[in-house]
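Each chain, written out:
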Amino acid sequence: MKKVIATLTFIAALILAGCGNVTPSADVEPVTTTQAAKVKVEDTTSADKMKLIGDKATGSSVFTITVDNKTGKSIKGFSVKSGSEEKFPSNMLQENDPFIKNERRMLYYVPVNSEGYAIGNSDAIANEEYLIKIDFSDDKSAILHQFPFGDLEGCELLLDKEVAYIEYTSKLSDQKVSTKEAENMIASLEAEQEPTTEKPKATEPVYTQPVYEEPVYTQPATTQYVAPTTVYTEPTTVYVEPTTQAPAPTEPVTEAPTSPDGGCVAGQGGGALTW
């Protein structure tokens with residue numbers, strides 16, 4: 001160590017004395033210096049170097065913001081829809097180019113209506129509600145509700161358990177804003193409305209010792225004899241008195257005496273027979 005200090009002192013003295021060439025003595029080891037290699041660091045935070053989410057576009061109706069992935073996961077799907085659209089459009093990320101964690105990207109979004117046409121009216125754009133669907137590399141998804149495109153220039157995308165939210169500085173109030181509480185409240189309400197689809201957990205059968213119960217003798221029911229009830233009805237005889245009618249008296253018929261001379265009885269004097 002003393003030798004190195006002495007050598008450095010000797011060299012410094014020669015420089016101060018104005019000597020141009022320095023010849024080290026035989027017993028002094030030469031000092032060599034190594035120039036540090038230059039490392040080229042690419043600036044990935046500038047707008048020209050950042051990767052994109054969506055297609056680059058220009059115009060008054062185009063939203064352009066920076067998004068920092070602070071979720072701790074890689075994102076393979078990113079889709080934005082307006083409130084007038086029925087479903088989310090196609091993925092805004094390239095298939096083999098995931099939005100990795102801690103990466104910053106530039107998002108270009110052109111609001112469209114339900115028919116797929118760009119919304120050109122600034123008032124209509126401001127009154128729209130925007131949702132962002134995020135698909136993570138572990139096949140889980142999250143949705144950002146009421147995304148404030150008009151109130152931010154950049155945001156950090158974060159994750160609280162399975163709920164995604166953003167933090168940003170508001171252009172209107174110049175205050176830092178977090179949507180964590182609002183997103184958790186929306187997630188709780190949606191969970192209450194969704195039917196439970198979890199299958200019941202399988203439980204091992206529990207053996208229950210049978211309980212012996214002493215038989216209880218029950219006396220059979222007594223059959224009570226009920227004698228048949230016969231109601232005697234006395235026959236009713238109606239006496240009808242016979243009606244006896246006395247035969248009408250008939251006058252006896254007296255036959256006329258037969259005349260020996262042919263049935264005629266001649267009276268005296270030759271006159272007719274009279275009674």
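## Section: the overall build of the chain
So, step 1. Each helix and strand counted, the chain has 3 helices and 9 strands in total.
So, step 2. Going residue by residue from the N terminus, the α and β elements of the chain occur as α-β-β-β-β-α-β-β-β-β-β-α.
So, step 3. For the chain, the proportion of its 275 residues judged to be buried stands at 23%.
So, step 4. Sequence-distant contacts in the chain: of pairs separated by 6 or more residues, those separated by 24 or more amount to 54%.

## Examining the side chain of H145
So, step 1. Within the secondary structure, H145 sits in the loop between β6 (141-144) and β7 (154-160).
So, step 2. When neighbours within four sequence positions are excluded, H145 is seen to be in contact with Y130, L131, E183, I186 and E190.

## Overview of the packing of aromatic side chains
Ring pairs (aromatic) are described by centroid distance and by the angle formed between their planes.
So, step 1. Using the criterion set out here, one finds 6 aromatic pairs in the structure.
So, step 2. Centroid distance F63 to Y130: 5.8 Å. Interplanar angle 80°. Geometry classified as edge-to-face. Note that F63 is positioned in strand β2 (residues 63-69) and Y130 in strand β5 (residues 130-136), a separation of 67 residues in sequence.
So, step 3. With relative accessibility at 16%, the residue F63 sits in the buried group.
So, step 4. By way of ring pairs, the aromatic residues F63, Y109, Y130, F147 and F149 are connected into one cluster.
So, step 5. Above the ring of F136, the side-chain terminus of K73 is found at 5.1 Å from the ring centroid.
So, step 6. One residue, K81, lies across the ring of F88, its end atom 5.7 Å from the ring centre.

## Thoughts on the sheet that holds β6
Strand pairing in a sheet takes place through backbone hydrogen bonds and is either antiparallel or parallel in direction.
So, step 1. An order of β3-β5-β6 is seen for the 3 strands of this open sheet, with the pairing classed as antiparallel. Whereas interior strands pair on both sides, the edge strands pair on one side only; in this sheet they are β3 (75-82) and β6. Averaged over all pairs of adjacent strands, the angle between their axes in this sheet comes to 15°, without regard to strand direction.
So, step 2. Note that β3 and β5 share 7 bridges and pair antiparallel. If you follow S82 over to β5, its bridge partner there is Y130.

## Some details on the pairing of β5
So, step 1. Taking burial as the measure, the 7 residues of β5 include 5 buried ones, the bulk of the element.
So, step 2. As consecutive antiparallel partners, β5 and β6 are separated by 4 residues, and within that stretch D139 has a phi angle of approximately 70°, a positive value.

## A few points about the nonpolar core
So, step 1. Among the nonpolar cores identified, the biggest contains 27 residues, and F78, I134, F147 and F149 are the most heavily contacted of them.
So, step 2. Of all the secondary-structure elements, those providing two or more residues to this core are β2, β3, β4 (104-109), β5, β6, β7 and β8 (163-169).
So, step 3. If one sorts the elements of this core by residue count, β5 sits on top with 4 residues.
So, step 4. The residues touching F149, leaving out its near neighbours within four places in the chain, are F63, I65, V80, L107, Y109, Y130 and I132.

## A word on the pairing of β8
So, step 1. Counting buried positions over the 7 residues of β8 gives 5, a clear majority of the element.
So, step 2. In this antiparallel pair of consecutive strands, β7 and β8, the connection spans 2 residues, and K161 shows a positive phi of 60°.
So, step 3. Note: β8 against strand β9 (residues 176-178), 3 bridges, orientation antiparallel. What sits directly across from E167, in β9, is S178.
So, step 4. Counting the residues that bridge the hairpin from β8 to β9 gives 6 residues, and of these D174 lies at a positive phi of roughly 60°.

## A look at the sheet that holds β8
So, step 1. Strand order in the open sheet formed by 6 strands is β1-β4-β2-β7-β8-β9, and the pairing between neighbours is mixed. Two strands bound the open sheet, and with one partner strand each, they are β1 (51-53) and β9. Shown here is a sheet whose adjacent strand axes are inclined to one another by a mean of 30°, direction ignored.
So, step 2. Across the sheet, helix α3 (residues 180-193) touches β7, β8 and β9, and the angle it forms with β8 is around 155°.

Cut-offs applied
- Residues numbered from 1 in each chain as written.
- Predicted model: local features only at pLDDT ≥ 70, side-chain atom pairs only at ≥ 80, totals over all residues.
- Heavy atoms only, no water.
- Helix = DSSP H or I, 4+ residues; strand = E, 2+ residues; numbered from the N terminus.
- Buried < 20%, exposed > 50% of the residue type's maximum accessible area, 1.4 Å probe, protein only.
- Contact = heavy atoms within 4.5 Å.
- Phe/Tyr/Trp six-rings, centres within 6.5 Å; stacked < 30°, edge-to-face > 60°.
- Lys NZ or Arg CZ within 6 Å of the ring centre and 35° of its normal.
- Pairing = 2+ DSSP bridges.
- Axes fitted to C-alpha atoms, helices over the stretch in contact; angles between N-to-C directions.
- Core = buried A, V, L, I, M, F, W, Y, C linked by side-chain atoms within 4.5 Å.

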